[in-house]
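Chain residues, written in single-letter form:
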Amino acid sequence: MIELADPLALLLLPLPLLALRLLPPRSQGGGALSVPDRIGTRLSLGGEAATDQSLRRRALPALVWLLLVLALSGPRQLEPVAALKVSGRDLAIAIDLSGSMVRDDFHLDGRQVTRLEAVQKVGADFARRRAGDRVGLIVFGSEAYYATPFTFDTEAVAQRIEEAQIGISGRATNISDALGLALKRLEHSEAKTRVVILLSDGVNNSGATNPRGVARLAAELGIRVHTIALGPKDLETAEPGEHGVVDAATLNAVAELSGGESFRVRTTGDLVAVTEALDRLEPTVGDGLAAETYRALWIWPAAAAAALCLGLAWRERLG
């Protein structure tokens, strides 16, 4: 159904008629000429034709004014939008951006990629599937900070994951601060479910807090932490002093202490499987409120008025 956003604008329609009646007429000077009756009759008939032509000439400007006023009144059409699925869940995604994420020991779409590139591709896809969740993104290295606040705009979160750069938060691995920052925001959340998904490919080597202690606090607050240990080698099985290994045991303990699940990822296929498993663990359910939007239609009468104005200008030029 088409309606007008500002119907009072239609009160402008009689404005040209009021101007013609109220403004003084334009004075036309000229002398009188005496002619024979026969010629005068022909001139009179010609005057009537001129009057008809004048009416036709006034019709187009009147139509232009009508179209402009109609455009000004804002015709629009109501377009309901389907209800957004709402889960009643706040979900914090914490991604490790330490220096080890630059290692290119993963394969994606048939080519060798860095750990960060694999996480960006799969993590962004996961975020986009969280419609109905209020999602926040934490990135951490030596320090931890929110890259995006909690929002229903999952596309914005996905884009920030795709734009993440190694080193912007330092090159160490501060798992404790990342968890603590997530808990600080989620502690005051009124969501029915509060979840943290923590991905790391290293060992907690920064910060003054033990990750297990933060996990116990998460359990007390009723916040589940799912952890993802990323990398081909574990701290327990790697050679002494070897770099780029992940502390899977600590991440597993964090998940268990908080009531979450832990995942071990060695390949891109494992990472994809983890995101699918998280979809099942934290499904999106429930209908929210349907939204109503309007499709503006003013452009059509405005475009028609512009086309008529061009036609009038062309006719005047031809004389």
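Scroll up a little and you will see the structure.
Here is a short report on the structure shown in this document.

Rules and cut-offs
- Residues numbered from 1 in each chain as written.
- Predicted model: local features only at pLDDT ≥ 70, side-chain atom pairs only at ≥ 80, totals over all residues.
- Heavy atoms only, no water.
- Helix = DSSP H or I, 4+ residues; strand = E, 2+ residues; numbered from the N terminus.
- Expected span 1.5 Å × (residues − 1).
- Buried < 20%, exposed > 50% of the residue type's maximum accessible area, 1.4 Å probe, protein only.
- Contact = heavy atoms within 4.5 Å.
- Salt bridge = Lys/Arg side-chain N within 4 Å of Asp/Glu carboxyl O.
- Pairing = 2+ DSSP bridges.
- Core = buried A, V, L, I, M, F, W, Y, C linked by side-chain atoms within 4.5 Å.
- Axes fitted to C-alpha atoms, helices over the stretch in contact; angles between N-to-C directions.
- Parallel < 35°, antiparallel > 145°, perpendicular 65-115°, else oblique.
- Left-handed = near helix turned anticlockwise from the far one by under 90°.
- Nonpolar A, V, L, I, M, F, W, Y, C, P; charged D, E, K, R; others polar.

## Some points on helix 8 (residues 268-281)
Here is step 1 of the chain: End to end, helix 8 covers 20 Å across 14 residues, agreeing with the expected 20 Å (1.5 Å per residue, within 8%).
Here is step 2 of the chain: Turning to helix 8, its buried residues number three or more, namely Thr268, Leu271, Val274, Thr275, Ala277 and Leu278.

## A closer look at helix 7 (residues 248-258)
Here is step 1 of the chain: Among all positions in helix 7, only Ala248, Thr250, Leu251, Ala253, Val254, Ala255 and Ser258 are buried.
Here is step 2 of the chain: The secondary structure elements touched by the buried residues of helix 7 are helix 5 (175-186), strand 8 (193-200), helix 6 (211-221), strand 9 (224-230) and strand 10 (262-265).
Here is step 3 of the chain: Downstream of helix 7 by one or two residues, glycine 259 has phi in the positive range, about 85 degrees.

## Some remarks on the pattern of salt bridges
Here is step 1 of the chain: Taken as a whole and judged by the stated rule, the model has 13 salt bridges.
Here is step 2 of the chain: Between arginine 89 and aspartate 133 there is a salt bridge whose closest N-O contact spans 2.6 Å. Residue arginine 89 is located in strand 3 (residues 89-96), and its partner aspartate 133 is located in the loop between helix 3 (115-128) and strand 6 (134-140); the two are separated by 44 residues in the primary sequence. Just as arginine 89 is buried, aspartate 133 falls in that class too.
Here is step 3 of the chain: Between glutamate 163 and arginine 160 there is a salt bridge, and its shortest N-O distance comes to 3.9 Å.

## Topic: the pairing of strand 10
Here is step 1 of the chain: Every second residue of strand 10 is oriented toward a common face, the buried set being Phe263 and Val265 and the non-buried set Ser262 and Arg264.
Here is step 2 of the chain: The pairing of strand 9 with strand 10 spans four bridges and is parallel. Across the sheet, residue leucine 230 finds its bridge partner in strand 10, namely valine 265.

## Details of the side chain of threonine 154
Here is step 1 of the chain: The topology assignment puts threonine 154 in helix 4 (residues 154-163).
Here is step 2 of the chain: Residue classification places threonine 154 among the buried residues on the basis of a relative accessible area of 10%.
Here is step 3 of the chain: Among residues more than four places away in sequence, those in contact with threonine 154 are Ala127, Arg128, Arg130, Ala131, Asp133 and Val135.

## Focus: the nonpolar core
Here is step 1 of the chain: The biggest cluster of nonpolar side chains holds 34 residues, and the ones touching the most others in it are Leu137, Ile228 and Leu271.
Here is step 2 of the chain: The dominant element in this core, judged by the number of residues it contributes, is helix 3, at seven residues.
Here is step 3 of the chain: Discounting chain neighbours no more than four positions away, the residues touching leucine 271 are Ala118, Val119, Val122, Leu199, Ile228 and Val265.
Here is step 4 of the chain: Of all hydrophobic cores here, the second largest spans 24 residues; its members include Leu179, Leu183, Val225 and Val254.

## Things to note about the packing of helix 5 against helix 6
Here is step 1 of the chain: Between helix 5 and helix 6, the shortest axis-to-axis distance is 9 Å and the interhelical angle comes to 15 degrees. Judged by the angle between their axes, helix 5 and helix 6 are roughly parallel. The handedness of the crossing between helix 5 and helix 6 is left-handed. Counting all contacts with helix 5, which are made through Ile175, Ser176, Leu179, Gly180 and Leu183, the residues of helix 6 involved are Pro211, Val214, Leu217, Ala218 and Leu221.
Here is step 2 of the chain: By residue class, the composition of the contact of helix 5 with helix 6 is eight nonpolar, two polar and no charged.

Limitation: the analysis is restricted to geometry and does not speak to function.
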